[in-house]
Amino acid sequence: MAVRLRELIRAVRACKTAAEERDVIAKESAALREAFREQDPRYRHRNIAKLMYIHMLGYPTHFGQMETLKLIAANGFPEKRIGYLGLMLLLDERQEVLMLVTNSVKMDLNNHKNQFIVGLALAALGNICSAEMARDLSPDIERLLESSNPYIRKKAALCTIRVLKKNPELIEEFQDKAADLLHDKNQGVALSGVTLMLQLCLMQPQVIERYRQHVPKLCTMLRSLLQGGFSPEHDVGGITNPFLQVKILQLLRVLGRGNADASDAMTDILAQVAANVEGNRNAGNAILYEAVSTIMAIETIGGLRVMAVNILGRFLANRDNNIRYVALNTLAKVRWSAPKFNCLVSGTTAASC
């Protein structure tokens, strides 16, 4: 009888040579093949877990791919969890066997009883779906973007990124739904929405002009994060949801580049970020770095640029070599991409420049 996963791991770790490890894996692979032939569903999830471990060690596991699909077709969440994990690890979009799972994924996307089963299907699609799967299942994903469950909306937004990368012709159908997520009260959904909007801007630059109308809303979101009180659920080092703040700054940078009106609309909030965020933690430094990058990329006034250079100066004085490297790298980019900043960095006057 095949051993448990923890026993297999213990046996592999006890091997003193590569030959011993290969012998252990060969015996276990033979036992797994025999178990798969017997079609015993009781231990199928355990066998797939061991198969994934063998795959991570670099040994062939193609003989167990169909068993992974059978786990996904099971009714229980524990079986589906292992099945979808095996799907993402053991298969990729280039394998034809992946098309066999499309119907099971579609059924899971329409599961109204268990949100976590829907989340598993969306996570798998977001990692390995092919262009054909993305095209077939895009209507279901579009519907889930409007789900009443914030957990599902968040997963669907992230899954949409992969779908649109595989089928750019679908961008027009999703661009308005992505912007609608900005109005969601759940910060996880808002983060997914901002991430989706950013990816859409990078994939199809024509979307940028359409999204510039949302700059005031993005500034309002960022201001509420800066001025909001302590929120244990989203607090990181005393800063409210730095992940969302960073993504908003990145999106503002894309929307403000080369547009004076959009740049003017975000000037005040960028000044607040530069002045109020403390750089004594990594979370604060990440926000300050994105703020500096945004200030340098958009059409800003001289006073805001001075604040950006001062932040880089504080980074250079930091004892952490990683932060000093970030500052030097940013200054190097500024020197080549924005000559106007050279005056501020060197300390010369505007007239002499």
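Values in this document were obtained by computation on a predicted structure and should not be read as measured data. (Residues numbered from 1 in each chain as written. Predicted model: local features only at pLDDT ≥ 70, side-chain atom pairs only at ≥ 80, totals over all residues. Heavy atoms only, no water.)

**Student:** Hey, could you go over the nonpolar core for me, with residue numbers and the actual values?
**Tutor:** In summary, soluble globular proteins display a tendency toward joint burial of nonpolar side chains. Judged by nonpolar contacts, the single largest core of 103 residues is most densely connected at Leu87, Leu122, Leu125, Tyr211, Leu218, Ile248 and Met266. In this structure Leu218 touches Leu182, Val194, Ile248, Leu251, Leu252 and Leu255, once residues within four positions along its chain are discounted. (Core = buried A, V, L, I, M, F, W, Y, C linked by side-chain atoms within 4.5 Å. Buried < 20%, exposed > 50% of the residue type's maximum accessible area, 1.4 Å probe, protein only. Contact = heavy atoms within 4.5 Å.)

**Student:** I'd like a rundown of helix α7 (residues 115-128), residues and numbers included.
**Tutor:** Taking 1.5 Å as the rise per residue, α7 with 14 residues should run 20 Å; its terminal C-alpha atoms sit 20 Å apart, in good agreement. All of the buried residues in α7 are Ile117, Val118, Gly119, Leu120, Ala121, Leu122, Ala124, Leu125 and Ile128. In this structure, the buried side of α7 is in contact with α5 (77-90), α6 (102-109), α8 (131-144) and α9 (150-166). For α7, the capping residue at the N-terminal end is Asn114, with a side-chain oxygen 2.9 Å from the backbone nitrogen of Phe116. (Helix = DSSP H or I, 4+ residues; strand = E, 2+ residues; numbered from the N terminus. Expected span 1.5 Å × (residues − 1). Polar contact = N/O pair within 3.5 Å; in protein donor to acceptor, adjacent residues only side chain to side chain.)

**Student:** Can you explain the packing of aromatic side chains? Please cite residues and give values.
**Tutor:** Two descriptors summarise a pair of aromatic rings, namely the distance from one centre to the other and the angle between the planes of the rings. Summed over the entire model, instances satisfying the criterion amount to three aromatic pairs. A ring pair is formed by Phe116 and Tyr151, whose centres lie 5.4 Å apart and whose planes are at 65°; its orientation type is edge-to-face. With Phe116 in helix α7 and Tyr151 in helix α9, this residue pair connects regions lying 35 residues apart in the sequence. When its relative accessible area of 41% is taken as the criterion, Phe116 is described as partly exposed. Arg33 extends its terminal NZ or CZ atom over the ring of Phe63, reaching a point 4.1 Å from the ring centre. (Phe/Tyr/Trp six-rings, centres within 6.5 Å; stacked < 30°, edge-to-face > 60°. Lys NZ or Arg CZ within 6 Å of the ring centre and 35° of its normal.)

**Student:** Pulling in residues and values, what's your account of unusual backbone geometry?
**Tutor:** Backbone geometry places Asn241, a non-glycine residue, at a positive phi of 45°. Structurally, Asn241 can be placed in the loop between β2 (239-240) and α14 (242-256).

**Student:** Can you break down the environment of Glu67 residue by residue, with the values?
**Tutor:** Topologically, Glu67 is positioned in helix α4 (residues 65-72). For the pair Glu67 and Lys16, spaced 51 residues apart in sequence, the C-alpha to C-alpha distance is 32 Å. When neighbours within four sequence positions are excluded, Glu67 is seen to be in contact with Phe36, Gln39, Arg44 and Ile48.

**Student:** Any details on the packing of α14 against helix α15 (residues 260-276)? Residues and values, ideally.
**Tutor:** Taken N-terminus to C-terminus, the directions of α14 and α15 make an angle of 150°; their axes are 9 Å apart at the nearest point. The orientation of α14 with respect to α15, classified from their angle, is roughly antiparallel. In this structure, the crossing between α14 and α15 has a hand that is left-handed. Touching Leu249, Leu252, Leu255 and Gly256 of α14 are Ala262, Ser263, Met266 and Leu270, all from α15. Looking at the contact of α14 with α15 residue by residue, the class counts come to six nonpolar, two polar and no charged. (Axes fitted to C-alpha atoms, helices over the stretch in contact; angles between N-to-C directions. Parallel < 35°, antiparallel > 145°, perpendicular 65-115°, else oblique. Left-handed = near helix turned anticlockwise from the far one by under 90°. Nonpolar A, V, L, I, M, F, W, Y, C, P; charged D, E, K, R; others polar.)

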